[in-house]
Amino acid sequence: IVIKEKINHYICNECYFLFNKKKLYQKKKIKYYKDNSDNKLVDRYLSNEYFDTARFLNYINQILEKYCNLDQQLNHLDIGGGFGFFSKILNKKFPKIKSFNLEPDKNAANLALKLNKKISTINLPFEKINQVKNIKFDLVTYWGGIYRTVEPNKVFNDLKKKCTQNCRYFFSFPFSFDDMRMQHL
């Protein structure tokens, strides 16, 4: 989207973390949801819930409510939604919204399915959005992971085909997580 230059990079088949280094070594392998045990993932979920709830309410109150009518029935897609926190909070505040949590990591997706039963979790990477069938989205969010998107031109064209004509898109870059003063931008 920004430039037409192609850049070689690597993507982890398990957690979909994107690397741009020329050489990767097995001993330096990084997994975002590294511990596969349910207990450890639940602990992580609970420890992040307080901070993430406050942060996501900030997004809803300062951004989405300003630009969207959230009191109507909408299909919402949260790309890279992890455990489904954002979708859960949005749905709790606006019950007419049906949220779909698109999460590539199978461990995070499985936990989201267990702990957030009102949210529909789809265990696919963003790059396979074209595999989602029979749903048109009215609202799309992608908080902080856009830089990991492989072949963004293709993926965003595929996404557009899955959305209604009046769909609203909200994306943020990771720097906004580091400084609360920047999040409203």
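The preceding data block contains the structure.
Residues numbered from 1 in each chain as written. Predicted model: local features only at pLDDT ≥ 70, side-chain atom pairs only at ≥ 80, totals over all residues. Heavy atoms only, no water.

Colleague: Kindly report on the environment of Lys96, identifying the contributing residues and their values.
Modeller: Along the polypeptide, Lys96 turns up in the loop between α2 (85–93) and β4 (97–102). Sequence-wise, Lys96 and Gln73 are 23 residues apart; in three dimensions their C-alpha atoms are separated by 4.8 Å. At 3.4 Å, the side chain of Lys96 and the backbone oxygen of Asp71 are in polar contact. (Helix = DSSP H or I, 4+ residues; strand = E, 2+ residues; numbered from the N terminus. Polar contact = N/O pair within 3.5 Å; in protein donor to acceptor, adjacent residues only side chain to side chain.)

Colleague: Account for the packing of aromatic side chains, naming residues and giving values.
Modeller: The relation between two aromatic rings is expressed through the spacing of the ring centres and the mutual angle of the planes. Taken as a whole and assessed by the stated rule, the structure comprises 12 aromatic pairs. On the numbers, 5.2 Å between centres and 80° between planes, the contact of Phe56 with Phe86 is edge-to-face. Residue Phe56 is found in helix α1 (residues 38–67), and its partner Phe86 is found in helix α2; the two are separated by 30 residues along the sequence. Measuring from ring centre to ring centre gives 4.2 Å for Tyr59 and Trp143, while their planes differ by 20°; the resulting arrangement is stacked. Highlighted residues: Tyr59 in helix α1 and Trp143 in strand β6 (residues 137–143), separated in sequence by 84 residues. An aromatic cluster is present here, built from Phe126, Tyr142, Phe156, Tyr169 and Phe171 joined pairwise through their rings. (Phe/Tyr/Trp six-rings, centres within 6.5 Å; stacked < 30°, edge-to-face > 60°.)

Colleague: I'd love a proper account of the pairing of β6, names of residues and values included.
Modeller: Counting buried positions along β6 yields six of seven residues, so the element is predominantly enclosed. Here strand β3 (residues 74–79) pairs with β6 via three bridges, running parallel. Residue pairing for β6: Leu77 is matched across the bridge by Val140. With six bridges joining them, β6 and strand β7 (residues 163–172) adopt parallel strand pairing. Counterpart to Tyr142 in the pairing with β7 is Phe171. (Buried < 20%, exposed > 50% of the residue type's maximum accessible area, 1.4 Å probe, protein only. Pairing = 2+ DSSP bridges.)

Colleague: Quick rundown of the pattern of salt bridges? Include the residues and the values.
Modeller: Applying the stated criterion across every chain yields a total of two salt bridges. When the shortest N-O distance is used, the salt bridge between Lys93 and Glu65 registers 3.5 Å. Taken as a pair, Lys93 in helix α2 and Glu65 in helix α1 lie far apart in primary sequence, 28 residues in all. Overall, the relative accessible area of 36% leaves Lys93 in the partly exposed class. Put simply, Lys154 and Asp158 hold a salt bridge, and the shortest N to O gap is 2.8 Å. Taken together, the residues Lys154 and Asp158, both in helix α4 (residues 152–161) and four residues apart, mark about one turn of the helix. Given a relative accessible area of 39%, Lys154 falls into the partly exposed group. Residue classification places Asp158 among the buried positions, given a relative accessible area of 10%. (Salt bridge = Lys/Arg side-chain N within 4 Å of Asp/Glu carboxyl O.)

Colleague: Any details on the sheet that holds β6? Residues and values, ideally.
Modeller: Strands sit in the order β5-β4-β3-β6-β7 across an open sheet of five strands; the sheet is parallel. Looking at the sheet topology across the chains shown, the edges are occupied by β5 (120–122) and β7. Strand-to-strand twist in this sheet, taken as the mean axis angle between neighbours without regard to direction, amounts to 20°. Against the sheet, α2 contacts β3, β4 and β6, and its axis sits at roughly 180° relative to β4. On the sheet, α4 packs against β3, β6 and β7 and is oriented at approximately 135° with respect to β7. (Axes fitted to C-alpha atoms, helices over the stretch in contact; angles between N-to-C directions. Contact = heavy atoms within 4.5 Å.)

Colleague: Talk me through the environment of Phe137; I want residue IDs and the actual numbers.
Modeller: Assignment of secondary structure puts Phe137 in strand β6. Given the relative accessible area of 0%, Phe137 is considered buried. Setting aside chain neighbours within four positions, we find Phe137 in contact with Asn75, His76, Leu77, Phe100, Val132, Lys162, Cys163, Thr164 and Cys167.

Colleague: An account of the side chain of Asp105 is requested, with residue identities and associated values reported.
Modeller: Turning to its location among the elements, Asp105 is positioned in the loop between β4 and α3 (106–115). Taking relative accessible area as the criterion, Asp105 reaches 3% and is therefore assigned buried. A polar contact is formed between the side chain of Asp105 and the backbone nitrogen of Asn107, at a distance of 2.9 Å. Reaching out from Asp105, the side chain makes a polar contact with the backbone nitrogen of Ala108 at a distance of 2.9 Å.

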